[in-house]
Amino acid sequence: MSQQTEQNAGTARRGGAAWALVITSVAGFMAALDNLVVTTALPSIREDLGGALPDLEWTVSAYTLTFAVLLMFGAALGDRFGRRRLFLVGITIFTGASAAAALASGVDSLIAARAVQGAGAAIMMPLTLTLLTAAVPAAKRGMAYGIWGAVNGLAVASGPLVGGSLTEHISWQWIFWLNVPLGLALLPLARLRLAESYGTGAALDLPGTLLASGGLFGIVYGLVRGPADGWTGPLVLTGLFAGGVLLVGFVLYSTRAKNPMLPMRLFRSRAFSGINAASMLMFLGMFGSIFLLSQYMQGVLGYSPTEAGLRMLPWTGMPMLVAPIAGILSDRIGGRPVVATGLFFQAVGLAYMASVVTVDASYAAQLPGLIISGIGMALFFAPAANLVMSSVRASEQGIASGANNALREVGGALGIAVMASIFSAQGGYETGQTFVDGLRPALVTGAAVVALAGVAALLIPARRRDGRDRTGKPTERAPQPVLETAPH
């Protein structure tokens, strides 16, 4: 048996769809959970470590910034040096930074640990999809993406519940200690059970990396700090303007570069453009709504963090039930109708919530909106992942995953900023009624944005029975297997 044949046989033995699904889902859960897990723990962290609440907001923002800024670079590193290898590096960084955050003795050290944690997540997260795609047969990818999407959707939406429960019943440090045993368990499993794969093997695009990272940093920084510092603040305006200029420069550069980090030609595909626009708008509406509704349940209706999280389970827990079914449906009828249906469900649910929120709204009155929103979110995650990964060639899946995750993060940051601004303009925290006065128009805005995401999803070419779109070109094509060979 030749050395190459032995290598390929070893790769086949190592790789397994079930193991890949477990490993990538747990890794994605950790990265997605830490987006919002800190929000309900801020008062306890302030009491323990001191510092003003605006300073402690950086325990959330530091993670969001490094995560969003480095996502595409993390995916590019995996394509160049090996996706499994960089996945292991990302898990190691994330796990070590989680322990450092739990051991932090002051606010500054906690913020620094959170920034490093975000960098580890940025390397780890986009590679979960590429590794999963390489391990799962094409015919079963919809179901696999469904389970992966269910776990990630649950993590995004249950962050406040997990953070509140651990803080309330144990201590805030455990929101970070939770990641350590999971990370330590994933390291040997990923090393032994995941097959190595590479992208195109092209050299790293350093100019593009600097332009994209600088642009995303400026935009996300301005969006995160805008509600707290004021939209006319010099640093906020500088961040937004400089970030916008750098991103324009990144687009212009990428149209001319030989091997750009994100080829602009990908956006000529209606499938790639449509699903990325839908993803960004969906996260804009969803993140902002969860951010305000969790505060409404605690600050206005008087629930504890744990009680509020439990009452949101019909929304946040629905992906665990519906997303695998959505993945199977996307295999049979295509991702476009499933994604669009899910987004319109989500929009209807948010609009319903806006119509029933009052200072003494009963849980029974809110329940239909929570269920409808939960079904909508569940229908979105799995088929969206399938559409992203199948809209590009196999060698460009890392790039596509990184770009999609970066746009989602920017959408989430923009959603919180936009919703907070509308809330502040129309209401406030003074009384329960003023909170409701601000919440209602914010939810209406969220519903409109998610409905617009549904329209964007409808722009994706429909799949015919023969697996081709209306133009006759293959759609949602199965990537070819990637051999474990050195990059060239």
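Residues numbered from 1 in each chain as written. Predicted model: local features only at pLDDT ≥ 70, side-chain atom pairs only at ≥ 80, totals over all residues. Heavy atoms only, no water.

Moving on: the overall build of the chain. Check the secondary structure of the chain and you find 20 helices and 0 strands. When burial is assessed residue by residue, the chain has 57% of its 488 residues classed as buried. Sequence separation of 24 or more characterises 83% of the internal contacts of the chain that already satisfy a separation of 6 or more. Summed over all atoms, the accessible surface of the chain reaches about 18800 Å², with 66% contributed by carbon and sulfur. (Helix = DSSP H or I, 4+ residues; strand = E, 2+ residues; numbered from the N terminus. Buried < 20%, exposed > 50% of the residue type's maximum accessible area, 1.4 Å probe, protein only. Contact = heavy atoms within 4.5 Å. Areas by Shrake-Rupley, 256 points an atom, 1.4 Å probe, with all protein chains shown as cover.)

This part is about helix 5 (residues 58–81). Compared with an ideal rise of 1.5 Å per residue, which puts 24 residues at 34 Å, helix 5 spans 32 Å between its outermost C-alpha atoms and is within 8% of the ideal. The buried fraction of helix 5 amounts to 19 of the 24 residues, a majority that puts the element mostly inside the structure. The first or second residue beyond helix 5 is Gly82, which carries a positive phi of 115 degrees. (Expected span 1.5 Å × (residues − 1).)

Glancing now at the packing of aromatic side chains. Counted under the stated rule, the structure contains 5 aromatic pairs. Consider the rings of Trp172 and Phe176, whose centres lie 6.3 Å apart with planes at 85 degrees: the pair is edge-to-face. Grouping residues by exposure puts Trp172 and Phe176 together as buried. On the basis of an interplanar angle of 70 degrees and a centroid distance of 5.0 Å, the ring pair of Phe267 and Phe272 is categorised as edge-to-face. With a relative accessible area of 30%, Phe267 lands in the partly exposed category. (Phe/Tyr/Trp six-rings, centres within 6.5 Å; stacked < 30°, edge-to-face > 60°.)

So, on to helix 13 (residues 270–300). Look at helix 13: 44 Å from first C-alpha to last across 31 residues, which is about the 45 Å you get at 1.5 Å a residue. Burial analysis of helix 13 places 23 of its 31 residues in the buried class, which makes it a mostly covered element. Once helix 13 ends, the next one or two residues include Gly302, with phi positive near 85 degrees.

Bringing the nonpolar core into the picture now. Residues Phe87, Met286, Tyr296, Trp315 and Leu343 are the most contacted members of the largest nonpolar core, which totals 105 residues. Within the second largest apolar cluster, 21 residues are counted, among which are Val38, Ile45, Ala104 and Leu166. (Core = buried A, V, L, I, M, F, W, Y, C linked by side-chain atoms within 4.5 Å.)

Here we take up the side chain of Gln173. Residue position: Gln173 is located in the loop between helix 8 (141–169) and helix 9 (174–177). What Gln173 contacts, discounting residues up to four positions off in sequence, is Asp48 and Ala102.

This part covers the environment of Ala18. Relative to the elements of secondary structure, Ala18 occurs in helix 2 (residues 17–33). Ala18 sits 175 residues away from Arg193 along the chain, and the two C-alpha atoms are 9.7 Å apart.

Here we come to the packing of helix 6 (residues 83–102) against helix 10 (residues 179–193). The N-to-C vectors of helix 6 and helix 10 enclose an angle of 165 degrees; their axes lie 9 Å apart at closest approach. When the interaxial angle is binned, helix 6 and helix 10 end up roughly antiparallel. Judged by the twist between their axes, the crossing of helix 6 over helix 10 is left-handed. Between helix 6 and helix 10, the contacting residues are Arg84, Phe87, Leu88, Ile91, Thr92, Phe94, Thr95, Ser98 and Ala99 on the first element and Asn179, Val180, Gly183, Leu184, Leu186, Leu187, Ala190 and Arg191 on the second. Each residue belonging to the contact of helix 6 with helix 10 can be placed in one class, and the counts come to 10 nonpolar, 5 polar and 2 charged. (Axes fitted to C-alpha atoms, helices over the stretch in contact; angles between N-to-C directions. Parallel < 35°, antiparallel > 145°, perpendicular 65-115°, else oblique. Left-handed = near helix turned anticlockwise from the far one by under 90°. Nonpolar A, V, L, I, M, F, W, Y, C, P; charged D, E, K, R; others polar.)

Moving on, we get to the confidence of the model for the chain. Here the chain shows a mean pLDDT of 77. Residues at 70 or above account for 82%. Scored below 50 in pLDDT, residues 1–13 shows 6 contacts in the model against residues more than four places distant or in partner chains. Scored below 50 in pLDDT, residues 464–488 shows 52 contacts in the model against residues more than four places distant or in partner chains. (pLDDT = per-residue confidence, 0-100.)

Further remarks concern the environment of Thr167. Mapped onto the elements of the fold, Thr167 is located in helix 8. As for Thr167 and Val38, which are separated by 129 residues in sequence, their C-alpha atoms are 9.5 Å apart. Apart from the residues within four sequence positions on either side, Thr167 is in contact with Ala41, Ser44, Trp172 and Ile175.

Take Gln366: it is sitting in helix 18 (residues 363–390). Here Ser362 takes part through its backbone oxygen, which lies 3.4 Å from a polar atom of the side chain of Gln366. When sequence neighbours within four positions are dropped, the list of residues in contact with Gln366 reads Tyr296, Met297, Leu301, Tyr352, Met353, Val356 and Ala361. (Polar contact = N/O pair within 3.5 Å; in protein donor to acceptor, adjacent residues only side chain to side chain.)

Looking at the element boundaries, Ala119 is found in helix 7 (residues 107–135). Once residues lying within four places of it in the same chain are set aside, the contact partners of Ala119 are Thr66 and Leu70.

Nonpolar side chains collect at one region of the surface, where Phe344, Leu452, Val455 and Leu458 lie side by side and expose about 320 Å² of accessible area between them. Along the chain, the position of Leu458 falls in helix 20 (residues 432–458). (Patch = residues over 30% accessible without salt bridge, like charges linked within 9 Å, V, L, I, M, F, W, Y side chains within 5 Å. Salt bridge = Lys/Arg side-chain N within 4 Å of Asp/Glu carboxyl O.)

For the rest of this paragraph, the subject is the packing of helix 17 (residues 335–356) against helix 20. Each packed pair of helices is defined by two parameters, the angle between the axes and the distance between the axes. The geometry of helix 17 relative to helix 20 is characterised by a closest axis approach of 8 Å and an angle of 170 degrees between their N-to-C directions. Taken together, the axes of helix 17 and helix 20 lie roughly antiparallel to each other. For helix 17 against helix 20, the interelement crossing comes out left-handed. Residues Arg336, Val339, Ala340, Leu343, Phe344, Gln346, Ala347, Leu350, Ala351, Met353 and Ala354 of helix 17 lie in contact with helix 20, whose contacting residues are Arg440, Leu443, Val444, Gly446, Ala447, Val450, Ala451, Ala453, Gly454, Val455, Ala457 and Leu458. The residue inventory of the contact of helix 17 with helix 20, partitioned by class, reads 18 nonpolar, 3 polar and 2 charged.

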